[in-house]
Amino acid sequence: QFPGFSLFGALIIALLIGMIIQFPIRSAYVGSNDGRKAGVKDAAGLISNKLLRLGIIFYGFRLTLSDVAAVGLPAVTVDIIIVAGTLLLGLLFSRWIKLDRDTALLTSTGSAICGAAAVLGAEPVVRCESHKTAIAVSTVVVFGTLSMFIYPIMYRAGLLDGLSDRAVAIYTGSTLHEVAHVAGAGNAMDPTDALGIAGTATITKMIRVMLLAPVLVVMSLFLSRRQNDGGKRKITMPWFAFLFIGAICVNTLLQHLCGAATVKDIPLNGAIEYADTFMLTMAMTALGTDTGIDKFRQAGAKPFLLAAMLYVWLIVGGYFITQAVTAAF
């Protein structure tokens, strides 16, 4: 609720808090036995794993299948192309700059789908060190926040005149990182939603969020084919992703039964969203406690370079893809 905090959202602030409170936690380790140190680390791991999965499942209650029907096939098509293209380019670019696979997958997933929430969703499938998750989230923060200012400037300057108002909304929703970033940019371009930009952009973004489940399944199958210690890696089926889709279906049914006009009008929706934000926030804080500045130094500039390359693709490639798809429909 503090001024300016809405630019970043609860998850980003939670990560920063986790990184700050790690210092008194580490100072408590001095002179303590290894058991105490391991106990704190295990507690953080339990929070970041269990609450993370629950948070992703509950995230489904923010969506309904009616949202997909509202924007139609053009938005769905653009979203699928953008998500698939971002993930594939992320893997190709990472090989070129010699970035490790885990960080590349997390960074690409965050750019492709829904920012920090997507990175958190991919973390149990990739099964990497927690600091890599935090680094991937940081790339989303930098470029997603930048977009909130760049997109409205491009719109006012006439750089998006090649797109209709509906196409501008689809372009915004299919290329910005976080839901909050889309809402912020959409509101800046169309404050009263008189042109339908703000609303359609948000719905387009939520369709991208729905793609998280199939992406996690494909990612799990992809990783299982990679050699690990001389043998094939065991498939880690992300069951929470299927429950995420199940939550969307249940929410759609509830909307129909209650006659709710929007997802916000569904009974208890606000309480569920609050609980979901709490769980994801706790998971992010736990990840932050294991992420120090030294981990960022070790990672270097490569994750941010990859994110920057993907950002150029989202802005430029997303524009022409949206223009072509909306013209075809």
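Note that the structure is a prediction, hence the values are computed from the model and not measured. (Residues numbered from 1 in each chain as written. Predicted model: local features only at pLDDT ≥ 70, side-chain atom pairs only at ≥ 80, totals over all residues. Heavy atoms only, no water.)

1. Concerning the pattern of salt bridges
In total, this model carries 5 salt bridges according to the counting rule given. For Arg 62, the salt bridge identified is with Glu 273, shortest N-O distance 3.9 Å. You can see Arg 62 sitting in the loop between α2 (34-59) and α3 (65-71) and its partner Glu 273 sitting in helix α13 (residues 269-288), a full 211 residues away along the chain. Overall, the relative accessible area of 18% leaves Arg 62 in the buried class. Ionic pairing is found between Lys 132 and Asp 100, a salt bridge with its closest N-O pair at 3.2 Å. Taken together, the residues Lys 132 in helix α7 (residues 130-156) and Asp 100 in the loop between α4 (73-97) and α5 (101-112) connect sequence positions 32 residues apart. In this structure Asp 100 comes out as partly exposed when scored by relative accessible area, which is 31%. Residues joined by salt bridges that share partners form a network here, namely Arg 62, Lys 264, Glu 273 and Asp 276. (Salt bridge = Lys/Arg side-chain N within 4 Å of Asp/Glu carboxyl O. Helix = DSSP H or I, 4+ residues; strand = E, 2+ residues; numbered from the N terminus. Buried < 20%, exposed > 50% of the residue type's maximum accessible area, 1.4 Å probe, protein only.)

2. Quick notes on a nonpolar patch on the surface
A contiguous nonpolar surface patch, about 260 Å² in accessible area, is contributed by Ile 17, Ile 20 and Ile 21. Assignment of secondary structure puts Ile 20 in helix α1 (residues 10-29). Under the relative-accessibility criterion, Ile 20 is labelled exposed at 56%. (Patch = residues over 30% accessible without salt bridge, like charges linked within 9 Å, V, L, I, M, F, W, Y side chains within 5 Å. Areas by Shrake-Rupley, 256 points an atom, 1.4 Å probe, with all protein chains shown as cover.)

3. Digging into the side chain of Asp 79
Take Asp 79: it is sitting in helix α4. Despite its burial, Asp 79 remains without a salt bridge, the nearest opposite charge being carried by Arg 208 at 4.6 Å. Residues in contact with Asp 79, not counting those within four places in the same chain, are Gly 173, Ser 174, Thr 204, Ile 207, Arg 208 and Leu 211. (Lys, Arg positive; Asp, Glu negative; His and termini not counted. Contact = heavy atoms within 4.5 Å.)

4. Quick notes on helix α6 (residues 116-126)
With respect to burial, α6 is a largely interior element, 11 of its 11 residues being buried. If you check which residues of α6 are buried, you get Ala 116, Ala 117, Ala 118, Val 119, Leu 120, Gly 121, Ala 122, Glu 123, Pro 124, Val 125 and Val 126. Positive backbone phi, approximately 55 degrees, marks Arg 127, located one or two places after α6.

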